[in-house]
Structures are given as structure tokens and as C-alpha cells.
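Examining the three-dimensional arrangement
Chain residues, written in single-letter form:
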Amino acid sequence: MTDKLRQMEARYTELTRMLADPAVIADRVVWQKAVKEHAQLEKPVELYRVYVANESAAQECLQLLHCGDAEMEELAREELERANEQRERLTEELKIALLPVDPDDEKNVIVEVRPAAGGEEAALFGAQIVRMYMRYAERERWKIEEIDMNYTDLGGIKEVTFSIGGKGAFSRLKFESGVHRVQRVPETESQGRVHTSTVTVAVLPEAEEIEIEIAEKDLKIDTYRSGGAGGQHVNKTDSAVRMTHLPTGIVVTSQDERSQIKNREKAMKVLRSRLYEHYRTIADSAYAGKRRSQVGTGDRSEKIRTYNYPQNRVTDHRIGKTMYNLTEFMDGDLNEMIQALQLAEQAALLAGEQNVREIGK
């Protein structure tokens, strides 16, 4: 571990020098890659430097243990005890800092929400899920951009796509992909029976142009008149855009803007992210049993969470965590659950690293 940390520190120092080099600054692609790598190395390198300073202090204390001055020796013993405790804590923190990092963790996200089983009740719950994520983003002071928002006459959703921009957005929201199940009495239920409905959520890392290049010849772009609420322009101008990527068959739409140009830009942003996820999934499938998220596959067919309204309960099935604050949860108070999912992922990764070491003995 020490050798690896020394190499990381040397690379961090080299990247710090590169980021001040005018030639690197002038090359946008090289500079962005250097910034990203520098940011990934920053935490483990800082921890390592604290670890080295602590080891140096411990060595000084050891030398003073037999200096012949009783008072000085007692102080040295106390300092050495603190240094040893600090070493244990830093060692554990360094183990976590050295875990494999998801290269997409710092990216913005594209969120797609669709009703599944349950008809209009699923559509209504889908609208509440959309609001939940938007309220969470507002709490974090992240930027929300609506891309394709299709609602039913009763206020439910047909299909919704929006983006959330903020530092570490994907690292926190990536666990939300999957099937969300609601158990409650619908407003239209006259006999008070609890119904079960489901909504699917997909959270995609927002891909940048330099990561996914899309050739014009691979695109089919159709324009049409947008539908639903939206003002006088609706159904009067062909501002909505449907974009089809011919090689993969992936289709995205955007009709939230009055401008066709802006809708094309938004559709292209979603298409890049869908293609990035598509190609990454193909690459990941080469590794049997390997999961991008250690607390679930992230597959939209996997039931991840239940929202039980009669009991004011929300349960995440991947980690077995239950909270009785559903009202606050639906208002965007998600951090406790997200942190529990992150800790579970770290624990699974640490267990995996330990298994690798055991096999190698």
C-alpha cells in the first residue's frame, strides 16, 4: 500500500505542475483529463501526507522514551499512544480512499422516470418521484433542467426526462436506478384497499462531447408539434425533436423548449448519455459477476425500494434499511438513505479487496 501511495503522490505532484503549464492549459482535452485525474488523487494523497507526518511524529516519540528525563518520557508515551491511534484511523481511511473509483462519480446526471405497473396510480406516483428528486436537487443547490416532460390529464407522468447538474451528482444518485414500488390507497379507491404500483427510474451519467462522438450520418432527426401544456406555441410550431441513432436504434425526444434548436441540443445531450451507458454496459458484460454498483446492478428491472404510505415507511431492499419518515423522504430528504447506500458499497468493495488478498496468499 505504501509503494502505491508514493507513486500516487509523485503523479499528483506531476499533475499539479502540468496544470500550471500554458501548453497543457491550451489543449482543452489534455487539460480536462489532467484536472479530473488530479481531483481523484487529491484525497488519498492528502491522507497519505498526514499519515507520513504522523509516522514521523511517532518515531520522534520513540527516540524520547529513553532520554533519561522522566517528565519528557511520560509526555512521549502519551504522544506515542495518540500517534498509534491516529495510525489506525488513517490506515482505515486510506483503505477506503484507495478503493476503485467510479470514473463517472463527479458527473452530472440524466434522470428518466416512467410509470410501470398500476395505470394512472403509477403515473401519479411517478410525478411524486420526479418532484422528490427535484426537491433533493434544490436542497443541494444543484441545477435542474427539464428536457422532455410528458404529463397525463390528471397530473401524472407519461414519461419524464430531466438533468441534474452539481458536484458529485452521479455519485449520490446512481443508486436510484431500478424499480420503485408504492403501496397506498389511491384517491379513486372507494373501498379503502391498498394498491401496489411501480415506477422505473434510470440515472445516467451525462456524457461529454469528447467522450462520445456522434456522426451526422448516424442520426435521423424528425420535428413535430409538441403536445400538452406549454403556452400558445404548443401545436402551432414544429419545435419538438425526435432523434434516432441508427446504429443502435436508441430514440430520444425533447419538446420542452419553444426553440427547435434548443430542443435539438437537449436531445443530443440525452442521446450522448444513453450511448455512453449503452457502450459501458457492453464493456461491463465482459466481466462475469462484476457490478458497477456493489449494492445492486442498477438495472431498471430490479426492485430496489418500497414506499409504504399507510405505515409512513420507506424500505431499500438492497441494504435492508427501513426508515419511518416517508413524508420527509418524498420531500427530498434523501441523504440518510444515500449515505447508507454509499457505505454499503464501500463495505462490499472492501470485502472484495480482502477476498482478492486471501486468494493471492
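Presented here is an overview of the structure given in this document. Computed from a predicted structure; not experimentally measured.

**Structural notes on the nonpolar core**
- Counting 36 residues, the largest nonpolar core has V113, I129, Y133, F162 and Y307 as the members making the most contacts within it.
- At the level of secondary structure, the elements contributing two or more residues to this core comprise strand 1 (109–115), helix 5 (119–139), strand 3 (157–165), helix 6 (169–173), strand 5 (195–205), helix 8 (326–330) and helix 9 (335–360).
- Per-element accounting of this core gives the leading share, nine residues, to helix 5.
- Those residues in contact with V113 that lie beyond four places of it in its chain are G126, I129, V130, I157, E159, V160, F162, V199, T200 and V201.
- Core analysis: the second largest hydrophobic core is formed by 17 residues, I110, L204, I214 and L275 among them.

**Observations regarding the packing of aromatic side chains**
- Throughout the structure, instances matching the rule amount to three aromatic pairs.
- Aromatic side chains F125 and Y307 sit 5.3 Å apart centroid to centroid with 65 degrees between the ring planes, which places their arrangement in the edge-to-face category. Of this pair, F125 sits in helix 5 while Y307 sits in strand 9 (residues 303–308); the two residues are 182 residues apart in sequence, bridging distant segments of the chain.
- Y307 gets classed as buried once you look at its relative accessible area, which sits at 0%.

**Regarding the side chain of S273**
- Turning to its location among the elements, S273 is positioned in helix 7 (residues 260–284).
- A distance of 3.4 Å separates the side chain of S273 from the backbone oxygen of P205, its partner in a polar contact.
- With sequence-adjacent residues up to four places away left out, S273 is seen in contact with I110, L204, P205, E206 and A207.

**Digging into the environment of V160**
- Looking at where V160 falls in the secondary structure, it is placed in strand 3.
- What makes V160 buried here is its relative accessible area of 0%.
- Taking the C-alpha atoms as reference, V160 lies 5.7 Å from E112; in sequence the two are 48 residues apart.

**Focus: the packing of helix 1 (residues 2–18) against helix 3 (residues 28–64)**
- Remark: helix 1 packs on helix 3, axes separated minimally by 9 Å, with the N-to-C direction vectors making an angle of 130 degrees. Comparing their axes, helix 3 and helix 1 come out oblique. Regarding helix 1 and helix 3, the two cross each other, and that crossing is left-handed. Residues T2, L5, R6, M8, E9, R11, Y12, T13, L15, T16 and M18 of helix 1 form the contact with helix 3, whose own contacting residues are A34, E37, H38, L41, E42, P44, V45, Y48 and R49.
- Per-class residue counts for the contact of helix 1 with helix 3 are ten nonpolar, four polar and six charged.

Criteria and thresholds
- Residues numbered from 1 in each chain as written.
- Predicted model: local features only at pLDDT ≥ 70, side-chain atom pairs only at ≥ 80, totals over all residues.
- Heavy atoms only, no water.
- Core = buried A, V, L, I, M, F, W, Y, C linked by side-chain atoms within 4.5 Å.
- Buried < 20%, exposed > 50% of the residue type's maximum accessible area, 1.4 Å probe, protein only.
- Helix = DSSP H or I, 4+ residues; strand = E, 2+ residues; numbered from the N terminus.
- Contact = heavy atoms within 4.5 Å.
- Phe/Tyr/Trp six-rings, centres within 6.5 Å; stacked < 30°, edge-to-face > 60°.
- Polar contact = N/O pair within 3.5 Å; in protein donor to acceptor, adjacent residues only side chain to side chain.
- Axes fitted to C-alpha atoms, helices over the stretch in contact; angles between N-to-C directions.
- Parallel < 35°, antiparallel > 145°, perpendicular 65-115°, else oblique.
- Left-handed = near helix turned anticlockwise from the far one by under 90°.
- Nonpolar A, V, L, I, M, F, W, Y, C, P; charged D, E, K, R; others polar.

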